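Overview (structure and organization)
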Amino acid sequence: MGGCLSTQKDPISRSYLVHKGLTKTIESNEKEECEKQGKWSELPSLPLEKIYSFLRREDQVRMSLVCRSWSEGYSSPSVWKSFGFYLTESQLSLDTCPVMKFAQKYSSMFRHVEIESTYTHDCLWKIWCRHFVEFLKILTTKAQLTSVKFLYFANFLWRLDKPTYNNICREIVDFLASQRYLKRVEFDLCFFNFQECVEILRKLTENSRESLTHLKLLNFLRDKNKDIEKDSNAAQKLLMLADLPSLRTLETDYSFIFENIVPRQSTAIQTGKNCKTPVLSKLILYYFNEYTKIEDFRGLTSTDWRFMKRLYPDLQVELILTTDSATRRELEFFIMPNMPITRLDYMDERCQESDWGIDIAELFSHLLACQTNDHLLTLHLDWKKPIQHLSLTFIPFLQACKKLKRLEVTIYSPSSGIDVLLESWLENRPESLKKVIIHVSCIDVEDDFLTLMNLTTEYVSLLKKAGLNICVNLYNHRIAY
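Report on the accompanying structure. The structure presented is a predicted model; accordingly, all values stated were derived computationally and were not measured. (Residues numbered from 1 in each chain as written. Predicted model: local features only at pLDDT ≥ 70, side-chain atom pairs only at ≥ 80, totals over all residues. Heavy atoms only, no water.)

**Description of the overall build of the chain**
Using the following cut-off: Strands are runs of DSSP state E lasting at least two residues, helices are runs of H or I lasting at least four, and both sets are numbered from the N terminus onward. Residue burial is assigned from relative accessible area. The probe radius is 1.4 Å, only protein chains are included, and a residue is buried under 20% of its type maximum, exposed over 50%, and partly exposed in between. Note on definitions: a residue-residue contact is assigned when non-hydrogen atoms from the two residues lie within 4.5 Å. All accessibility values rest on the Shrake-Rupley procedure with a 1.4 Å probe; residue burial counts only the protein chains present in the view.
Counting secondary structure elements, the chain contains 19 helices and 13 strands. Split into buried and exposed, the 481 residues of the chain put 52% on the buried side. Counting only contacts in the chain whose residues sit at least 6 apart along the sequence, the fraction spanning at least 24 positions is 83%. Taken as a whole, the chain presents about 22,700 Å² of accessible surface, with 51% of it coming from carbon and sulfur.

Put into structure tokens, the structure is as follows:
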């Protein structure tokens, strides 16, 4: 049996427990726990590491203090394979941060790191930045990661003075320059300036080009196009997709960066500069018009998409559009012929009383004109405007979608034809359709609600027996079904 370990023998673990307020319980029960160990201390390393993998970091610390054998298990690479850099306000107020001590001691074992900025008071931002820079320096000198996530830096970047901002960006670039085996890199809600975005991407293409398979750039760029156009030198350094020949998934919002790497890629194809067969198979493209307006962009063409399909024959596009205007111009800007859209999420944020923008029949008509129905596997519609005669609108379109597997529809106002739509599936359901979720809200008249509820209950039961995974949720102000 391994001997008992006092918390004094691991000052890093002890400082973490002091912060969490856990030392008193451990010290008062230490002797009693040692006597009860029995053969638990003789657990083989693999089961021990498995147990550690299910625990939060503070529980891992407590477990490591039980006996010498468990302490040794705590230092195994599997325990430190994933590490999260999250600093609470109380940790930022400490003289020494236990998270930084863990990083110093175990960072050579890190493979997956997630860095999330702390939303805190202005007086603590400089402390967070200092710890973050120190953490990146540790990773730069000691770690070779396979994945890294930078999350929510927009919480603080806009508050920084220029020297501090430049220092933060320089450390990120230096860190990326030190990595050779990154497979997955994510930036989510960071909002860097254009020059720094270009430099970050340049380092990725220089040092992880052969290994990188998944790249996420969501709310990565802060600058408006009018600011970017002043920096033509930086624009010339933008990556092409061919610069990342192992990339399989690109997840990005519609930005100046995305808009330019696709046409530049088309040029590379025509001039024969692409020398390695690319493997990109999934493009997840977001647009939220609260952040950007299409007036800020030039727009891609169906020719651009034809070249993309030529270079990436297995490419599937997932398009997630959120809009409070739902104009015809927006629709034609983002959805066009030659786009292999396999998933479409269209969230209509207009108020229910709005009398502008397209109706759902126009959306379906445009999708058919672009032959989107030939590729579509998943369709999610969140539609606030009233849909009259829903069945007459949906049935022809769904029959044209020969590959559609999943349908989710949210309607925010009374709509006729839901029962007719369900009944039509009993007689002639699209063969590919496997799962359906329908939400209908704001049914104000109780008699209408009860009638619709009874009808849908009957049809849903029959469709389930026929093998369709279906759920219909009806809501009014007092009743939900």
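Now, onward.
**Quick word on the pattern of salt bridges**
Note the threshold: Salt bridges are defined as contacts in which a side-chain nitrogen from Lys or Arg sits within 4 Å of a carboxyl oxygen from Asp or Glu.
Overall, the coordinates contain 15 salt bridges when judged by the stated rule. Ionic pairing is found between arginine 209 and glutamate 210, a salt bridge with its closest N-O pair at 2.7 Å. Aspartate 345 is the partner of arginine 343 in a salt bridge, and the nearest nitrogen-oxygen pair spans 2.7 Å. Overall, arginine 343 belongs to the partly exposed group, its relative accessible area being 29%.

**Let's talk about the nonpolar core**
Cut-off, in case you're wondering: Working definition of a nonpolar core: buried Ala, Val, Leu, Ile, Met, Phe, Trp, Tyr and Cys residues. They are joined through side-chain atoms within 4.5 Å. An automatic or database domain assignment supplies the residue ranges for each domain.
Formed by 138 residues in total, the largest nonpolar core has its most connected members in Phe153, Phe192 and Trp425. It is helix 8 (residues 122–142) that provides the largest number of residues to this core, a total of 10 residues. No fewer than three residues from each of domain 1 (41–79) and domain 2 (315–480) sit in this core. Contacts of phenylalanine 192, omitting those with residues within four sequence positions, involve Phe153, Leu157, Tyr165, Cys169, Ile172, Phe187, Cys197, Ile200, Phe220, Leu221, Arg222 and Asp223.

**A look at empty space enclosed by the protein**
Counted only if it meets this: The way it works is a 1 Å grid over only the protein atoms, where trapped points that fit a 1.4 Å probe form a cavity and open points with protein on both sides within 12 Å along at least five of seven lines form a pocket, and then any residue with an atom within 4 Å of a point lines it. Grid points are joined across faces, edges and corners, and a volume is the space filled by probe spheres set on the points. Put simply, Ala, Val, Leu, Ile, Met, Phe, Trp, Tyr, Cys and Pro go in the nonpolar bin, Asp, Glu, Lys and Arg in the charged bin, and everything else, Gly too, in the polar bin.
Inspection of every chain in the model, using the stated rule, returns four cavities of 30 Å³ or more. In this structure, the largest cavity occupies an estimated 60 Å³ of space. Lining the largest cavity are Leu217, Phe220, Leu221, Leu250, Thr252, Asp253, Ser255, Ile257, Phe258 and Ile261. When contributions to the lining of the largest cavity are tallied by element, the ones reaching two or more residues are strand 6 (249–253) and helix 13 (256–271). In the lining of the largest cavity, the residues fall into seven nonpolar, two polar and one charged.

**Here's the deal with helix 16 (residues 360–369)**
One turn of an α-helix holds 3.6 residues; hence residues three or four places apart share an orientation. This is how the line gets drawn: Relevant arc is that of directions from the helix axis to the C-beta atoms, nothing else. Two N or O atoms count as a polar contact when they lie within 3.5 Å, although within protein this holds only if one can serve as hydrogen donor and the other as acceptor, and sequence-adjacent residues are included solely when both atoms are side-chain atoms.
Regarding helix 16, the residues found buried are Ile360, Leu363, Phe364, His366 and Leu367. In an axial view of helix 16, the angular spread of the buried residues amounts to 160°, which keeps them on one side of the axis. Where helix 16 begins, the capping side chain belongs to aspartate 359, and its oxygen is found 3.1 Å from the backbone nitrogen of alanine 361. Taken from the residues just after helix 16, glutamine 371 is the one with a positive phi, measuring 60°.

**Looking at unusual backbone geometry**
Negative phi values dominate among residues other than glycine, just as trans dominates among peptide bonds. Unusually for a residue other than glycine, asparagine 219 sits at a positive phi of about 55°. Locating asparagine 219 in the fold gives a position in the loop between strand 5 (214–218) and helix 11 (225–228).

**Structural notes on the pairing of strand 12 (residues 435–440)**
Worth spelling out the cut-off: Note on pairing: DSSP must find at least two bridges between two strands before they are called paired.
With respect to burial, strand 12 is a largely interior element, five of its six residues being buried. Relative to strand 12, strand 11 (residues 406–411) runs parallel, the two sharing six bridges. Note that in strand 12 the partner of valine 409 across the bridge is isoleucine 438. In the sheet, strand 12 pairs with strand 13 (residues 469–474) via six bridges, with the strands oriented parallel. The residue bridging histidine 439 from the neighbouring strand is asparagine 473, located in strand 13.

**Re the packing of aromatic side chains**
Note the threshold: Centres within 6.5 Å are what make two rings of Phe, Tyr or Trp a pair, Trp counting through its six-membered ring; a difference in plane orientation under 30 degrees is then read as stacked, over 60 as edge-to-face, and the rest as tilted.
All told, the structure shown has 33 aromatic pairs when counted by the stated rule. Ring centres of phenylalanine 83 and phenylalanine 110 lie 4.4 Å apart, and the angle between their planes is 15°; this geometry places the pair in the stacked category. In this pair, phenylalanine 83 is assigned in strand 1 (residues 82–85) and phenylalanine 110 in the loop between helix 7 (98–106) and strand 2 (112–116), connecting sequence segments 27 residues apart. Like phenylalanine 83, the residue phenylalanine 110 is buried in the burial classification.

**Overview of the packing of helix 9 (residues 162–178) against helix 10 (residues 194–207)**
Operational definition: Where helices are involved, their axes are fitted lines through C-alpha atoms of the stretch in contact, as for all axes, and angles between N-to-C directions lie from 0 to 180°. For this classification, under 35 degrees means roughly parallel, over 145 means roughly antiparallel, 65 to 115 means roughly perpendicular, and everything else is oblique. By convention, the crossing between two helices is left-handed when the near helix turns anticlockwise from the far helix through less than a right angle, and right-handed when the turn is clockwise.
Packing of helix 9 against helix 10 leaves a shortest axis separation of 8 Å and a crossing angle of 10°. As judged from the angle between their axes, helix 9 and helix 10 are roughly parallel. Relative to helix 10, the crossing made by helix 9 is right-handed. Residues Tyr165, Cys169, Ile172, Val173, Leu176 and Ala177 of helix 9 touch helix 10, and the partners they reach there are Glu196, Glu199, Ile200, Lys203, Leu204 and Asn207. Along the lines of polarity and charge, the residues of the contact of helix 9 with helix 10 split into eight nonpolar, one polar and three charged.

**Notes on helix 18 (residues 418–428)**
Along helix 18, the residues that are buried comprise Ile418, Leu421, Leu422, Ser424 and Trp425. Viewed end-on, helix 18 has its buried residues packed into an arc of 155°, placing them on one side of the element.

**Notes on the side chain of threonine 249**
Along the polypeptide, threonine 249 turns up in strand 6. Here threonine 249 falls in the buried class, since its relative accessible area comes to 13%. With sequence-adjacent residues up to four places away left out, threonine 249 is seen in contact with Thr213, His214, Leu215, Leu280, Lys282 and Ile284.

**Thoughts on the packing of helix 3 (residues 45–53) against helix 4 (residues 57–64)**
In the contact formed by helix 3 and helix 4, the axes pass within 9 Å of each other and the chain directions differ by 145°. Judged by residue contacts, Leu48, Ile51 and Tyr52 of helix 3 engage Gln60, Met63 and Ser64 from helix 4. Each residue belonging to the contact of helix 3 with helix 4 can be placed in one class, and the counts come to four nonpolar, two polar and no charged.

**Remarks on the environment of methionine 100**
With respect to the helices and strands, methionine 100 occurs in helix 7. For the pair methionine 100 and glutamate 134, spaced 34 residues apart in sequence, the C-alpha to C-alpha distance is 8.1 Å.

**Some details on the pairing of strand 11**
Keep this limit in mind: Convention used here: a crossover is right-handed provided that the path from the first strand, over the helix, to the second strand proceeds clockwise when the strands point away from the viewer.
By the criterion of burial, strand 11 is predominantly enclosed, with five of the six residues buried. Taken together, the six bridges between strand 10 (residues 378–383) and strand 11 define a ladder with parallel strand orientation. Across the sheet, residue aspartate 382 finds its bridge partner in strand 11, namely threonine 410. Regarding the hand of the β-α-β motif, the stretch spanning strand 10, helix 17 (residues 390–400) and strand 11 is right-handed.

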